[in-house]
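Residue-level listing of the chains:
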Amino acid sequence: MAKFVPQSEMPLGDQVRVRREKLENLRAEGFDPFLQTRFEVTSDSAAIKGNYEAMEGKSVRLAGRLMSKRGMGKVSFCDLQDSTGRIQLYVKFDEMEEASFQRFKKNDIGDIVGVVGDVFKTERGEISVRVHEATLLSKSLLPLPEKFHGLTDKETRFRQRYVDLMVNPEVKRNFVIRSRFIKFMRAYLDSRNYIEVETPVLNTIAGGAAARPFITHHNTLDIDMYMRIATELPLKRLIVGGMDRVYEIGRIFRNEGMDPKHNPEFTTVELYQAYADFHDMMDIAEGIISGAAKEILGTYQVEWLGETIDLTPGWRRLTMVDAVREYVGIDFGAITDDAEAVAAAKAKGVELADAAEKTWGNALYACFDQKVEEKLIQPTFITMYPVEVSPLTKRSPKDPRLTERFELFVCHSELANAYSELNDPIDQRQRFVKQMEQRERGDDETEMLDEDFLTAMEYGMPPTGGMGMGIDRVVMLLTGADTIREVILFPTMKPLD
């Protein structure tokens, strides 16, 4: 007699063959699971477990995926997984029609079923559903990953997020938190009379940030177009037009490298408020992130990248000059000469990019970028950036070499960037021209000159505070994720072939 081999122990090819044979047999019997349509669901696993006393003995209708089966005879125990969790099914031959029971026994792990039954507890005290009716709603033609090892390879998890969510239900937590964070942020801004708007993804000029764009082609117009690298310039046009408080949550595309903190497409919120400045934006950034942590997690304390982060309001605010003085030991506030500034930076082992002008501002920023950023663990606003690296920012009235800008750093990661927006069209044109000169020297991440935006500014733009915040990175902070791919449902992946 041939030895019985459980399907789960067969080679993958044999398991697939057996499942397809079961499908064909069902069709031959006049039942096609893929022709099943609506199934009324009246409850879910979490509701039953959370309200057992009220639900005991009640009839319920559940639907979900079979994740395990135990027992081969007249009684079977199965785990049904729905969108809220798992619950045990108790299936007994004399509790349902014999034909239905026999069909149910042939179901495979991974199949999607609808069941009707009553709620009870087993002798071991496990909340379960005693099944009276069962319908196969969809057949799983591929077996799920082996239960003891599951789906643990990160590359496979990210490529097949649908399987990841099936067999690693804890993964869903990150995306629930992501959804709740965006909901919180919308409510926060809406309550402050901001209006949510939408601006084009395709543009004839890539502007609003220093980044390399993706290029596509518009067939009807026969022109190349750029996928947006920022939403800044269209939103500031709306400020000019009299929409005093606007924000947009949307996808941004940058043709750059991939690492644990970067994905070529990512989500940001950009917001602009007339008659405000970068100090107002600091208050909003702190309010959104600390408020979301308290509401979603119930605490200001989070664990991220091996550090305990305290998000209690009252975050540190430090000028870039002060930060470099504290962490590098160079007092750029006492230096006025470009050559002296460059020499001081080089003496600390700081390198200036070949395309960058050898100026005081570029030397200051290089010191910060290479020596300070990595040391910023607790929430810190770094303010007053050099004008050379802030082409869209208002100059400081106290020092024209600096701009009223901040970046927010948590655990040496930038989470937000904000300005007192430049509203002088003459100064803006001069800065665009300098950016174009850098582009001609080979820096393809510098700003393009946007004539229409300059025209808008010439009509008069009020003093404005603006901010961009990386939603993916904030969600990494709130979930403790160590890579951006853990908080993007479908991250960009290199094709297997």
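Residues numbered from 1 in each chain as written. Predicted model: local features only at pLDDT ≥ 70, side-chain atom pairs only at ≥ 80, totals over all residues. Heavy atoms only, no water.

Once that is clear, we can look at the overall build of the chain. Scanning the chain from N- to C-terminus turns up 15 helices and 18 strands. Taking 23 Å as the expected radius of gyration for a compact globule of 497 residues, we find that the chain reaches 29 Å, considerably beyond that expectation. Expressed along its principal axes, the backbone C-alpha trace of the chain runs to roughly 90 × 50 × 50 Å. When burial is assessed residue by residue, the chain has 49% of its 497 residues classed as buried. Restricting the contact set of the chain to residue pairs at least 6 apart, pairs at least 24 apart contribute 64%. When the 65 basic and 81 acidic side-chain charges of the chain are each reduced to a single mean position, those positions are 6 Å apart. (Helix = DSSP H or I, 4+ residues; strand = E, 2+ residues; numbered from the N terminus. Rg over C-alpha atoms; globule rule 2.2 N^0.38 Å. Buried < 20%, exposed > 50% of the residue type's maximum accessible area, 1.4 Å probe, protein only. Contact = heavy atoms within 4.5 Å. Lys, Arg positive; Asp, Glu negative; His and termini not counted. Charge placed at Lys NZ, Arg CZ, Asp CG, Glu CD.)

Moving on, we come to the nonpolar core. The biggest cluster of nonpolar side chains holds 75 residues, and the ones touching the most others in it are Phe181, Leu189, Val324, Phe332, Phe406, Met467 and Met469. Of the residues forming this core, the biggest block, 10 residues, is contributed by helix α9 (residues 278-297). Ignoring anything within four residues of it in the chain, the contact list for valine 324 reads Gly329, Ile330, Phe332, Leu364, Cys367, Phe368 and Val372. Residues Leu62, Phe101, Val113 and Val131 belong to the second largest nonpolar core, which totals 23 residues. (Core = buried A, V, L, I, M, F, W, Y, C linked by side-chain atoms within 4.5 Å.)

Attention now moves to the pattern of salt bridges. Per the counting criterion, the structure on display carries 33 salt bridges. Arginine 325 serves as the salt-bridge partner of aspartate 322, at 2.5 Å between the closest nitrogen and oxygen. With aspartate 322 and arginine 325 both in helix α10 (residues 320-327) and three residues apart, the pair spans about one turn of that helix. For aspartate 399, the salt bridge identified is with arginine 401, shortest N-O distance 3.1 Å. The buried category is assigned to aspartate 399, whose relative accessible area is 18%. (Salt bridge = Lys/Arg side-chain N within 4 Å of Asp/Glu carboxyl O.)

It is worth spelling out the packing of aromatic side chains at this point. Here the structure, examined in full by the defined rule, presents nine aromatic pairs. Judged by centre distance (6.3 Å) and plane angle (65 degrees), the ring pair of phenylalanine 368 and tyrosine 385 falls under edge-to-face. With a gap of 17 residues between them, phenylalanine 368 in helix α12 (residues 360-372) and tyrosine 385 in strand β15 (residues 380-386) connect regions that are remote in the sequence. Tyrosine 385 carries the same exposure label as phenylalanine 368, and that label is buried. Directly above the ring of phenylalanine 120 sits arginine 130, whose terminal nitrogen or CZ lies 4.0 Å from the centroid. Taking NZ or CZ as reference, arginine 401 lies 3.6 Å from the ring centre of tryptophan 360, over its face. (Phe/Tyr/Trp six-rings, centres within 6.5 Å; stacked < 30°, edge-to-face > 60°. Lys NZ or Arg CZ within 6 Å of the ring centre and 35° of its normal.)

With mixed pairing, the eight strands of this open sheet are ordered in space as β6-β10-β11-β18-β17-β16-β15-β14. Pairing within the sheet leaves two strands with one partner each, and these edge strands are β6 (195-196) and β14 (316-319). Pairing of strand β11 (residues 265-274) with strand β18 (residues 464-470) involves seven bridges; the strand directions are antiparallel. Bridge pairing in β18 links valine 269 to methionine 469. The strands touched by α9 within the sheet are β11, β14, β15, β16 (402-410), β17 (413-420) and β18, with β18 carrying the most contacts at an inclination of about 35 degrees. Packing against the sheet, α12 makes contact with β15 and β16, and its axis sits at approximately 155 degrees to β15. (Pairing = 2+ DSSP bridges. Axes fitted to C-alpha atoms, helices over the stretch in contact; angles between N-to-C directions.)

Every α-helix carries 3.6 residues per turn, so stepping three or four residues along brings you back to the same face. Helix α15 (residues 471-479) sits mainly inside the fold: nine of its nine residues count as buried. Those residues of α15 that fall on the buried side of the exposure criterion are Ile471, Asp472, Arg473, Val474, Val475, Met476, Leu477, Leu478 and Thr479. Glycine 480, located one to two residues past α15, shows a positive phi value of around 80 degrees.

A word on the packing of helix α13 (residues 425-440) against helix α14 (residues 451-458). The N-to-C vectors of α13 and α14 enclose an angle of 160 degrees; their axes lie 9 Å apart at closest approach. When the interaxial angle is binned, α13 and α14 end up roughly antiparallel. In this structure, α13 meets α14 at a crossing whose hand is right-handed. When α13 is examined against α14, the residues Pro425, Gln428, Arg429 and Phe432 are found in contact with a partner set consisting of Glu451, Phe453, Leu454, Met457 and Glu458. Counted by class, the contact of α13 with α14 contains five nonpolar, one polar and three charged residues. (Parallel < 35°, antiparallel > 145°, perpendicular 65-115°, else oblique. Left-handed = near helix turned anticlockwise from the far one by under 90°. Nonpolar A, V, L, I, M, F, W, Y, C, P; charged D, E, K, R; others polar.)

It is worth spelling out α10 at this point. Buried within α10 we find Met320, Val321, Ala323 and Val324. Within α10, the buried residues cover an arc of 165 degrees as seen down the axis, which keeps them to one side. Contact partners of the buried residues in α10: β14, α12 and β15. One or two residues past the end of α10 sits glycine 329, with phi positive at roughly 90 degrees. (Arc of directions from axis to C-beta.)

In this section: a negative patch on the surface. Together, Asp337, Asp338, Glu340, Glu357, Glu437 and Glu440 give the surface a local cluster of negative charge. Residue classification places aspartate 338 among the partly exposed residues on the basis of a relative accessible area of 35%. (Patch = residues over 30% accessible without salt bridge, like charges linked within 9 Å, V, L, I, M, F, W, Y side chains within 5 Å. Areas by Shrake-Rupley, 256 points an atom, 1.4 Å probe, with all protein chains shown as cover.)

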